[in-house]
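# Descriptive analysis of the structure
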Number of protein chains: 2
Amino acid sequence: MKGFIIDLDGTVYRGSQAIEGAAEAIAELNRSGRRVVFLSNRGNMSRAMCRRKLAGMGIDAAERDIVLSSTVAAMFLIRHYPGQKVWTLGDQGLRDELASMRVMLASRPEAADWLLITLHETLTYKELNQAFRAVRHGARIMATNADKSFPGDDGESIDVAAMIHAITATTGASVEHVIGKPSALMAELALETLDLPAEDCLIVGDSLESDIRLGKQAGIRTALVLTGSVSRREAEASSFKPDYILDSLADLPKIVSQEEARRMKE
Amino acid sequence: MKGFIIDLDGTVYRGSQAIEGAAEAIAELNRSGRRVVFLSNRGNMSRAMCRRKLAGMGIDAAERDIVLSSTVAAMFLIRHYPGQKVWTLGDQGLRDELASMRVMLASRPEAADWLLITLHETLTYKELNQAFRAVRHGARIMATNADKSFPGDDGESIDVAAMIHAITATTGASVEHVIGKPSALMAELALETLDLPAEDCLIVGDSLESDIRLGKQAGIRTALVLTGSVSRREAEASSFKPDYILDSLADLPKIVSQEEARRMKE
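Residues numbered from 1 in each chain as written. Chains lettered and ligands numbered in written order. Predicted model: local features only at pLDDT ≥ 70, side-chain atom pairs only at ≥ 80, totals over all residues. Heavy atoms only, no water.

This part takes up the overall build of chain A. A tally of regular secondary structure across chain A gives 10 helices and 14 strands. Radius of gyration (C-alpha) of chain A: 19 Å, near the 18 Å computed for a compact globule of 266 residues. Principal-axis analysis of the C-alpha atoms gives chain A an extent of 65 × 35 × 35 Å. Across the 266 residues that make up chain A, the buried fraction comes to 56%. As presented, chain A carries roughly 11,300 Å² of accessible surface, and 47% of it is formed by carbon and sulfur atoms. In chain A, 32 positive and 37 negative side-chain charges are present, and the distance between their average locations comes to 3 Å. (Helix = DSSP H or I, 4+ residues; strand = E, 2+ residues; numbered from the N terminus. Rg over C-alpha atoms; globule rule 2.2 N^0.38 Å. Buried < 20%, exposed > 50% of the residue type's maximum accessible area, 1.4 Å probe, protein only. Areas by Shrake-Rupley, 256 points an atom, 1.4 Å probe, with all protein chains shown as cover. Lys, Arg positive; Asp, Glu negative; His and termini not counted. Charge placed at Lys NZ, Arg CZ, Asp CG, Glu CD.)

This paragraph deals with the relation of the copies chain B and chain A. In screw terms, the move from chain B to chain A is a rotation of 180° and a rise of 0.0 Å along the axis, fitting with an RMSD of 0.0 Å. Interpreted geometrically, this transformation is the action of a two-fold axis. Both copies contact each other with a shared surface, as 100% of the interface residues of chain B are interface residues in chain A too. (Least-squares fit on C-alpha atoms with pLDDT ≥ 70 in both. Contact = heavy atoms within 4.5 Å.)

So, about the packing of aromatic side chains. Residue and element names in this part refer to chain A. Counted by the stated rule, this structure contains four aromatic pairs over all chains. With a centroid separation of 6.2 Å and 65° between ring planes, the pair formed by Phe-76 and Tyr-81 is classed as edge-to-face. Tyr-81 carries the same exposure label as Phe-76, and that label is buried. Three or more aromatic residues joined by ring pairs make a cluster, and in this case those are Phe-76, Tyr-81 and Trp-114. Looking at Lys-53, its charged tip hangs above the ring of Tyr-13, at a distance of 3.8 Å from the centre. (Phe/Tyr/Trp six-rings, centres within 6.5 Å; stacked < 30°, edge-to-face > 60°. Lys NZ or Arg CZ within 6 Å of the ring centre and 35° of its normal.)

In this section: the sheet that holds strand 6 (residues 86–89) of chain A. Residue and element names in this part refer to chain A. Overall, parallel pairing links the four strands, which are arranged 6-7-8-11 in an open sheet. Each end of this open sheet is capped by a strand with a single partner; those strands are strand 6 and strand 11 (175–178). Along the sheet, successive strands turn relative to each other by an average axial angle of 25°, direction set aside. Both strand 6 and strand 7 (residues 114–117) contribute to a ladder of four bridges, which runs parallel. (Pairing = 2+ DSSP bridges. Axes fitted to C-alpha atoms, helices over the stretch in contact; angles between N-to-C directions.)

Moving on, we get to the domain arrangement of chain A. Residue and element names in this part refer to chain A. In terms of domain boundaries, chain A breaks down into domain 1 (3–41 + 181–265) and domain 2 (75–178). Inter-centroid distance (C-alpha atoms) of domain 1 to domain 2 is 28 Å. Across the contact, 11 residues belong to domain 1 and 10 residues belong to domain 2. Both faces considered, domain 1 and domain 2 share a buried interface measuring about 770 Å² in area, 52% of it formed by carbon and sulfur atoms. Run the count over domain 1 and domain 2 and you get zero salt bridges. Counting the contacts that link domain 1 with domain 2 gives two residue pairs in polar contact (both at pLDDT 80 or more). If you tally residues by element for the side of domain 1 that touches domain 2, the top one is helix 7 (residues 184–194), at three residues. Taken together, the residues that form the side of domain 1 that touches domain 2 break down as two nonpolar, six polar and three charged. (Domains from an automatic or database assignment. Buried area = accessible area lost by both parts, 1.4 Å probe. Salt bridge = Lys/Arg side-chain N within 4 Å of Asp/Glu carboxyl O. Polar contact = N/O pair within 3.5 Å; in protein donor to acceptor, adjacent residues only side chain to side chain. Nonpolar A, V, L, I, M, F, W, Y, C, P; charged D, E, K, R; others polar.)

So, in structure tokens, the structure goes:
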């Protein structure tokens, strides 16, 4: 195992709180010369914001080693719909990330080719109405992810699926692209960033449906951490059975050493 | 025709603007001794607020002659679920209406038996999340109406269906009761308020799906006004074909006189 693709929410931190031992585990991987990339379905922040958040928890990460669904959405737009104008329904972080990658933002909803939806923790009715009007005027719909909830500071919290369905139910339109995990677009950019083949990597996350499923589909080995909303029993019963189940990210270096010892013996 | 059931949005006013001739038409009906009740799917205002809005347009209406979906929701809760506690996702007007009819409001989302959803023009993420948590903790879902859009001051605007689907899509729960037109609950309270049999009444509104359909189902004659989003051609092609089509509410007294003259001749 040379490269590690590590999820953030529920794996490295929960809300604003780092998960115990996570920072140390990541530092140990770095010290041993292994490559680490952070891969998150969060679309309402930019890599710059994410790097600052990790730094505040004592985790040292370069912006280029952070891949968010906002990052991948921006790349996808540039690659497949160059010159098209985007209206966003989501927090400022998404617009920052789009701007940092020179995606064109529409000046008003009616002028947009795309509505890009992400989690919007500062949502207002006015913004919901502007997104509605963008789609009524012909904007197509893309979402950074389609998660229903995420572990917030004070409990499970409503996620981007709320904003998506508010718009699709009232306009009759459908979402054409969902960028986040388990989409192959996320795996591609993570492996490209690591510059390693899938078989040399391990993906670590707390979600069977997004992290483990992504690994299975992309041929990357998988480790589930139990610091999210999935229990060991659910994991063992799932059709996306992970290769490893860890109590938390703190156990990752131990697994890596054991695996190495096993290989040496072979 | 002794009693008139008149819709508000798109029929009497659009946004904060009265429709031309509406106030005069209503005054004429009143002068001729006919009974008028206003019947609206609006659930984010109380009757007190609605009476003030109408008064500001020169339309004199008693609170008891106004029936909103918030009014009917409150009566429905009292009658069928007495003592049960309600959490709301919607503007303050809904809570005012519930309080005026002594419906018990839950002190926190987790304590609610019902989540009652209506249009929320002052929506925040926090309130969306509280509604989500109410349902995750077992609250059942009721909605004042399920309209997708309404004619706002500056154009067609996103309506309560957005708030409903934000919650149902993220919780997996379903809406058990939709109170507004074309539900029979609305027709019942309107006729009860008029104290007249259905065959002596006319319902006037701008929506085929809610006003005209309600009339057809309740055995009330129907008049469509073209001041909403429906054209004459759409009305004539619809399976809910109205008995009368009026350019606007201003033409109502003329229709009433013609109808009277025709009856006198018979």
